[in-house]
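Each chain, written out:
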Amino acid sequence: IDMIAFGIQPLICLDLDAAHRRAIDVLVRSGAKRIGLLGVNDREPNLEVGLDQYHRLARIHQQILKDYRLKDSPVALCDQSLQSVKGGLAELFAGKSKIDALYVADDMILRYAVQAMEDAGIRPGVNLRVITHSNHGVDLPGSYQWSRMEMNPYQLGRLAVQSLVR
């Protein structure tokens, strides 16, 4: 377990470092050479958990890619809005060589990322490999078949508290 937080509701975040490493490993094994990270800016006021986890995730991303000897892998942090996600994706696609894979570090922005990619003529899973983690009960864009692990951090938090109280 990576973190247990108690706020409005208790929640548990599983080991995000291991999940991130596994996602990058899958992308590398599929042939990806330049993997971008799209994360949520932790200053977003309507996030229940900030704790600088996305800035930490960006550092972890760079270290994992270094371990795989991949260079020049951009990171963009955005707010939970279509305009911000479009700006983040534009950052990731800027430069000499475009990313060939994308790690969306939060499913809360995946719907905006998919819309922004489609608006730019990019089809996730066709023109660009995409992996996301986390599951806050948000419906993932329905026009694609997503592989994912079902995990609700709030449900896990409630179960943990119930176990502790007993």
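Residues numbered from 1 in each chain as written. Predicted model: local features only at pLDDT ≥ 70, side-chain atom pairs only at ≥ 80, totals over all residues. Heavy atoms only, no water.

This next bit is on the nonpolar core. Of all hydrophobic cores here, the largest spans 22 residues; its most connected members are Leu38, Val85, Leu89, Leu102, Met117 and Leu128. Where this core is concerned, the elements lending two or more residues are strand S3 (35-40), strand S4 (75-78), helix H3 (82-93), strand S5 (101-104) and helix H4 (110-119). A total of 6 residues in this core trace back to one element, the largest contributor, which is H4. Setting aside residues up to four positions removed in sequence, Val85 forms contacts with Leu38, Cys78, Asp79, Ile109, Tyr112 and Ala113. With 16 residues, the next largest nonpolar core counts Ala23, Ile60, Ala101 and Ile131 among its residues. (Core = buried A, V, L, I, M, F, W, Y, C linked by side-chain atoms within 4.5 Å. Buried < 20%, exposed > 50% of the residue type's maximum accessible area, 1.4 Å probe, protein only. Helix = DSSP H or I, 4+ residues; strand = E, 2+ residues; numbered from the N terminus. Contact = heavy atoms within 4.5 Å.)

In this fold, Thr132 is placed in strand S6 (residues 129-132). Setting aside anything within four residues of it in sequence, one finds Thr132 in contact with Val104, Asp106, Asp107 and Leu110.

Glancing now at H3. The first and last C-alpha atoms of H3 sit 16 Å apart over 12 residues, in line with the 16 Å expected at 1.5 Å per residue. Residues of H3 that are buried include every one of Ser84, Val85, Gly88, Leu89, Leu92 and Phe93, and no others. Here the buried face of H3 lies against S3, S4, S5 and H4. Remark: Gly95 follows H3 within two positions and exhibits a positive phi of approximately 105°. (Expected span 1.5 Å × (residues − 1).)

What the 4 strands build is an open sheet, ordered S4-S3-S5-S6; its pairing is parallel. Both outer strands of the open sheet, S4 and S6, are each paired with one neighbouring strand and no more. Here the average twist between neighbouring strands, direction ignored, is 20°. Sheet topology places S5 next to S6; 4 bridges connect them, and they run parallel. Residue pairing in the sheet places Tyr103 in a bridge with Ile131 of S6. (Pairing = 2+ DSSP bridges. Axes fitted to C-alpha atoms, helices over the stretch in contact; angles between N-to-C directions.)

Relative to the helices and strands, Ile60 is located in helix H2 (residues 53-67). Under the relative-accessibility criterion, Ile60 is labelled buried at 15%. For the pair Ile60 and His20, spaced 40 residues apart in the sequence, the C-alpha separation amounts to 8.1 Å. Once residues lying within four places of it in the same chain are set aside, the contact partners of Ile60 are Asp17 and His20.

Close contact between H3 and H4 brings their axes to 9 Å; oriented N to C, the two are set at 60°. As the angle between them shows, H3 and H4 are arranged oblique. By crossing handedness, the relation of H3 to H4 is classed as right-handed. For the pair H3 and H4, contact is made by Leu82, Val85, Lys86 and Leu89 and by Tyr112, Ala113, Gln115, Ala116, Met117 and Asp119, respectively. Looking at the contact of H3 with H4, its residues break down into 7 nonpolar, 1 polar and 2 charged. (Parallel < 35°, antiparallel > 145°, perpendicular 65-115°, else oblique. Left-handed = near helix turned anticlockwise from the far one by under 90°. Nonpolar A, V, L, I, M, F, W, Y, C, P; charged D, E, K, R; others polar.)

Another aspect to go through is the pairing of S5. Strand residues, when the strand is regular, have side chains that alternate between the two faces of the sheet. Residues Ala101 and Tyr103 of S5 are buried on one face, and the alternating residues Leu102 and Val104, pointing to the opposite face, are buried as well. Across 4 bridges, S3 lies against S5 in parallel orientation. Each bridged residue has a counterpart across the sheet, and for Leu38 the counterpart in S5 is Val104. Once you follow S5 into H4 and on to S6, the crossover reads as right-handed. (Right-handed = clockwise from strand over helix to strand, strands pointing away.)

It is worth stressing that arrangement in space is one thing and function is another; only the former is reported here.
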